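Residue strings, one per chain:
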Amino acid sequence: CRMRPLLGEEKEAIDEVRHVNIQSEKNLELIKTVDGAANESIAGGLNKNMKYDFEFDRVFGPNSSQGDVFSEISQLVQSALDGYNVCVFAYGQTGSGKTFTMEGGPGIEDDESQCGMIPRTIRQIFEVQKKLKEKNWEYKLQASFLEIYNEEIRDLLTTDNTLKYDIKMSDSKGTDIHVTNLKVEEVTSEGQISSMIRRARKNRAQAKTLCNERSSRSHSVFMLRIEGFNTATTETCCGTLNLVDLAGSERVKDSGSEGMRLTEAQAINKSLSNLGNVIMALAQKNSHVPYRNSKLTHLLQNCLGGNSKTLM
């Protein structure tokens, strides 16, 4: 769980966040206060301040850096190099800092500390790659970047709007999934990634709502396929790493969404609840997991179930 710091106008309105109390690296408490006017109109039992405790694997406060957050997910990057399918989601309400966490701030090219999980992941993979060369491992990295907007897949690395993108099984066993016509680029240097993020940002669906100046109106999925080959032992391994920046869930009455924005909000909220249903079905070990109820879960099917690793 990551909590962003106060920004801009918020700082002018309040000097500190009083309703969240981070108690330890794994626990935080939300405090719901009842104001005086409400006190008189509510029946006796409800006018007390309420406290809610939440437990996470790790809590990052407002002062934590991008590096702190990445240190927590770096082991999953290693798992992808070892041949696992890995999925990392940024999940939260609109304006909570998901895109900042995944891609980084506006100045990632000049300020390394702003770099998000995607550029840091690539850096780590290149560092590990150099070390493994001594053990005869050679890696090939292939990246693609797409968004799911109103249940429709769009390629963030091309500007061609005429292509149709469908999720298909690559083989008869149905273990490997690919997207037709999706642009896949071989990654040979770290610098390529910041250019990819820059292109993707230009193409991604964003809009202004009352809750967020630049609200992502789609889920973006950065997919990195890592193929390893050992020249001495002829061993191979293949893993996929998906870094997913989900669109923020929003209350329509708060965000003031109307018309097209409302359609987007409904698609966003529906696919987020489908993702929740899939995760619940997997947690309860149900015989049927409803992957095909949304494009997002269908696309990530192999990285959610089985022996894959997921972090939210």
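Procedures and definitions
Residues numbered from 1 in each chain as written. Predicted model: local features only at pLDDT ≥ 70, side-chain atom pairs only at ≥ 80, totals over all residues. Heavy atoms only, no water. Axes fitted to C-alpha atoms, helices over the stretch in contact; angles between N-to-C directions. Helix = DSSP H or I, 4+ residues; strand = E, 2+ residues; numbered from the N terminus. Parallel < 35°, antiparallel > 145°, perpendicular 65-115°, else oblique. Left-handed = near helix turned anticlockwise from the far one by under 90°. Contact = heavy atoms within 4.5 Å. Expected span 1.5 Å × (residues − 1). Buried < 20%, exposed > 50% of the residue type's maximum accessible area, 1.4 Å probe, protein only. Salt bridge = Lys/Arg side-chain N within 4 Å of Asp/Glu carboxyl O. Arc of directions from axis to C-beta. Pairing = 2+ DSSP bridges.

Colleague: Explain the packing of helix α3 (residues 66–81) against helix α5 (residues 117–133) to me, and be specific about the residues and the numbers.
Modeller: Two elements in contact, α3 and α5, have axes whose closest approach is 9 Å; the angle formed by their N-to-C orientations is 50°. Judged by the inter-axis angle, α3 sits oblique to α5. You can see that α3 and α5 cross each other, and the crossing is right-handed. Of α5, the residues touching α3 (which contributes Gln66, Gly67, Val69, Phe70, Ile73, Ser74, Val77, Gln78 and Leu81) are Met117, Arg120, Thr121, Gln124, Ile125 and Val128.

Colleague: Could you give an account of helix α8 (residues 260–283), naming the residues involved and the relevant values?
Modeller: In this model α8 runs 35 Å from its N-terminal to its C-terminal C-alpha over 24 residues, within 8% of the 34 Å that 1.5 Å per residue would give. Residues of α8 that are buried: Glu264, Ala265, Ala267, Ile268, Ser271, Leu272, Asn274, Leu275, Val278 and Ala281. Once α8 ends, the next one or two residues include Lys285, with phi positive near 55°.

Colleague: Explain unusual backbone geometry to me, using residue names and the numbers behind them.
Modeller: In this model, Asn150 sits at a positive phi of 50°, which is unusual for a non-glycine residue. Topologically, Asn150 is positioned in the loop between β5 (137–149) and β6 (152–155). For Glu151, which is not a glycine, the phi torsion comes out positive at approximately 60°. Looking at where Glu151 falls in the secondary structure, it is placed in the loop between β5 and β6. A residue is classified by how much of its surface remains accessible, and Glu151, at 31% relative accessible area, is partly exposed.

Colleague: Hey, could you go over the pattern of salt bridges for me, with residue numbers and the actual values?
Modeller: Note on pairing: side chains with opposite charge can pair once their charged atoms come close. Under the defined criterion, the tally for this structure stands at 10 salt bridges. Note that Glu147 is salt-bridged to Arg154, the shortest N-O span being 3.3 Å. Owing to a relative accessible area of 1%, Glu147 belongs among the buried residues under this scheme.

Colleague: Which residues make up helix α6 (residues 191–203), and what values do they have?
Modeller: Helix length check: α6, at 13 residues, gives a terminal C-alpha distance of 19 Å against a target of 18 Å (1.5 Å per residue), a fit within 8%. For α6, the complete set of buried residues consists of Ile193, Met196, Ile197 and Ala200. The buried side chains of α6 occupy one side of the element, clustering within an arc of 100° when seen end-on. Summarising the contacts, the buried residues of α6 are in contact with α5, β5, β9 (185–186) and β12 (219–230).

Colleague: Would you mind going over the pairing of strand β4 (residues 85–90) in detail, with residue names and values included?
Modeller: The side chains of a regular strand alternate, residue by residue, between the two faces of the sheet. A large share of β4 lies buried, amounting to 5 of its 6 residues. Bridge count between β4 and strand β13 (residues 236–245): 6 bridges; the pairing is parallel. What sits directly across from Asn85, in β13, is Thr240. By the bridge criterion, 3 bridges tie β4 to strand β14 (residues 309–311) in an arrangement that is parallel. Bridging across to β14, Val86 finds its partner in Lys309.

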